[in-house]
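# Examining the three-dimensional arrangement
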Amino acid sequence: MNPLVSILMPTYNHERFIKQAIESALSQKCDYSYELLINDDCSTDNTLKIAKEYEERYPDKIKVFTHEKNQGLLKSYKYLLQQAQGKYIAVLESDDVWSNENKLQIQISFLEEHDDYGLVCSDYYTIDENGVKQSDVIKDFDKNQNDEWYDALMGFASIGALTIIFRKSEYDKYCNIDDFINLKFQTFDRGVWLSIAKHCKCHYFHEQLAAYRVISSSISNSGNFEKAYSFAKSVMDIHEYVISKYGLGKISRKEFDQKKIIWYVNLCITHRNFGEFKKLSRQLHVTNIKYFAMKYFTRLWWLQYTLRNPQPKHLSN
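All chains use their own residue numbering, which begins from 1 and follows the written sequence. Predicted model: local features are reported for residues with pLDDT of at least 70 only, side-chain atom pairs are reported and counted for 80 or more only, and whole-chain, interface and lining totals are derived from all residues. The side-chain numbers reported here are obtained from all heavy atoms of the structure, hydrogens and water having been left aside.

### Some details on the overall build of the protein
Helix and strand labels come from DSSP, where a helix needs a run of H or I of at least four residues and a strand needs a run of E of at least two; each type is numbered from the N terminus. Helix and strand counts for the protein come out as 13 helices and 8 strands. In this setup the radius of gyration rests on C-alpha atoms only. A globule is expected at 2.2 Å times the number of residues raised to 0.38. The C-alpha atoms of the protein give 20 Å as radius of gyration, which agrees with the globular expectation for 317 residues (20 Å, within 12%). Along the first, second and third principal axes, the C-alpha atoms of the protein reach 65 × 45 × 35 Å. Residue exposure (1.4 Å probe, protein chains only): buried if accessible area is under 20% of the type maximum, exposed if over 50%, otherwise partly exposed. Every one of the 317 residues in the protein was classed for burial, and the buried ones make up 53%. The contact criterion used is simple: two residues touch if any of their non-hydrogen atoms lie within 4.5 Å. In the protein, the share of contacts with a sequence separation of at least 24, taken over all contacts with a separation of at least 6, comes to 78%. Accessible area of the protein: about 15300 Å², with a carbon and sulfur share of 48%. Of the charged side chains in the protein, 41 are positive and 41 negative; the average position of the first set lies 8 Å away from that of the second. Each accessible area is a Shrake-Rupley result for a 1.4 Å probe, and residues are judged covered by the shown protein chains and nothing else. Within this scheme the basic residues Lys and Arg register as positive and the acidic residues Asp and Glu register as negative, but His and the chain ends are omitted. Charge coordinates come from a single atom per side chain, which is NZ of Lys, CZ of Arg, CG of Asp or CD of Glu.

### Section: the side chain of K103
You can see K103 is positioned in helix α4 (residues 103–113). Basic side-chain nitrogens of Lys or Arg form a salt bridge, by our definition, when they fall within 4 Å of a carboxyl oxygen of Asp or Glu. At 11 Å, D96 is the nearest oppositely charged side chain to K103, a buried residue that forms no salt bridge. Not counting chain neighbours up to four residues away, the residues in contact with K103 comprise Q28, W98, L162, T163, I164, I165 and L209.

### Comments concerning the pattern of salt bridges
Across all of its chains, the model carries 15 salt bridges by this definition. Salt-bridge contacts for E101 lead to K29; the nearest nitrogen and oxygen are separated by 3.2 Å. Here E101, found in the loop between β4 (88–91) and α4, pairs with K29, found in the loop between α1 (18–26) and β2 (34–40); they are 72 residues apart in sequence, far enough to count as distant. The closest approach of N and O atoms between K201 and D116, which form a salt bridge, is 3.6 Å. With K201 in strand β8 (residues 201–213) and D116 in the loop between α4 and β5 (117–127), the pair connects residues that are 85 residues apart, well separated along the chain. Beyond isolated ion pairs, a larger network of salt bridges with shared partners links E240, R253, D257 and K260.

### Observations concerning the packing of aromatic side chains
Ring pairs shown here join Phe, Tyr and Trp side chains whose ring centres sit within 6.5 Å, with only the six-membered ring taken for Trp; geometry is labelled stacked below 30 degrees between planes, edge-to-face above 60, and tilted in between. Overall, the coordinates contain 25 aromatic pairs when judged by the stated rule. Between the aromatic rings of F65 and Y79, the centroid separation amounts to 5.4 Å while the plane-to-plane angle is 75°, which identifies the pairing as edge-to-face. A residue pair is termed long-range when its members are at least 10 positions apart, and F65 in strand β3 (residues 62–66) and Y79 in helix α3 (residues 73–83) qualify at 14 residues. Given the relative accessible area of 17%, F65 is considered buried. A centroid spacing of 5.1 Å and a plane angle of 50° characterise the contact between F292 and Y296, whose relative ring orientation is tilted. Taken together, the residues span about one helical turn, with F292 and Y296 both in helix α12 (residues 289–296) at a distance of 4 residues. Exposure remark for F292: the relative accessible area of 37% places this residue in the partly exposed category. Ring-pair connections join several aromatic residues into one group, and the members of that group are F274, F277, W301, W302 and Y305. Sitting over the face of the ring of Y54, R57 holds its NZ or CZ atom 4.9 Å from the ring centroid. Any Lys NZ or Arg CZ found within 6 Å of a ring centre and within 35 degrees of that ring's normal is scored as a charge over the ring.

### So, helix α13 (residues 298–308)
Taken residue by residue, α13 has T298, W301 and W302 as its buried positions. When α13 is viewed along its axis, its buried side chains cluster within an angular range of 100° and face the same direction. Across α13 from its buried face, at more than 90 degrees, point the exposed residues R299, L300, L307 and R308. Directions are taken from the helix axis to each C-beta atom, and the arc is the one they span.

### Considerations on unusual backbone geometry
You will see that D147, though not glycine, has its phi angle at about 65°, which is positive. With respect to the helices, strands and loops of the structure, D147 is situated in the loop between β6 (133–137) and α5 (150–154). Given the relative accessible area of 17%, D147 is considered buried. One non-glycine residue, F156, adopts positive backbone phi at about 80°.

### A closer look at the layout of surface pockets
Approximately 210 Å³ is the volume attributed to the second largest pocket. Here the term cavity refers to a set of points on a 1 Å grid, laid over the protein atoms alone, in which a 1.4 Å probe fits but cannot get out; the term pocket refers to an open set having protein on both sides within 12 Å along at least five of seven lines, with lining residues being those that place an atom within 4 Å of a point. Lining the second largest pocket are 13 residues, with E148, W149, Y150, D151 and K250 positioned closest to its centre. Counting residues per element, the lining of the second largest pocket draws most heavily on helix α8 (residues 189–199), which supplies 3 residues. Within the lining of the second largest pocket, the residues separate by chemical class into 4 nonpolar, 4 polar and 5 charged. Grid points are joined across faces, edges and corners, and a volume is the space filled by probe spheres set on the points. For this classification, the nonpolar set comprises Ala, Val, Leu, Ile, Met, Phe, Trp, Tyr, Cys and Pro, the charged set comprises Asp, Glu, Lys and Arg, and every other residue, Gly included, is treated as polar.

### Overview of α8
Counted residue by residue, α8 has 9 buried out of 11 residues, so it is predominantly covered. Among the residues making up α8, those that are buried are D189, R190, G191, V192, W193, L194, S195, I196 and A197.

See below:
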């Protein structure tokens, strides 16, 4: 009998973290059957060894795959999805943790009872490389959305990949991972949730079900401005790709382009890159006093902001 849920865990050089990630999956108190699929992308440390040890201990739940050559994140996800037998797909990358032992039970019960919903997710919190809690990530973008999220997500609202579960049938209908790979997207989840949200209702659980580990070397949290900017550009490329397939929704092109500039501007602020900030702030449409000050009193706004707001520790030199 096939498992109801397939948990996808791509991994590469995460020997420090993968044990905790696996344990958090195995600790789930769940009435539903599940499989944990781990794809090691040619790690050069003990990641594969640790994963194999768990596979030997839990052969009914864990399957470990490896390859002769490094594939990259998107190809790893493609391979795992090809192996997945579950009706539902959950994502748990090997440096993250499911902090609530009832996560699967809560989310799958909802999906089993609501056939018109294609994706669920939740609040979470962040931890550092040592597992120490840093901050809560609590969202309210779904308020007044009637569980139809496409417009909010297209406007760059975001959800935690480690919290999502989606129906594989909806993924198969609306997502093309070969396109993701060919277009060199740097992340898997955003294209998936945008595409599914366009066609299905989505539900947000306002409780913390997982912990996202902030690692300075990861592409989405890099302290290197060029890497962070490259990741942001990939996010924009994903949005443009989805727009080409499914449209902008209710957001106008002018609003979307403004939100893109704001994303880049905020990246410059976070990384303290005044040169790029100065160029980008000139492209803002003035819709409030803040954007007026950014655009026309750029240096003064920058000075007062940076004096009042210290740079995040993992991004500072």
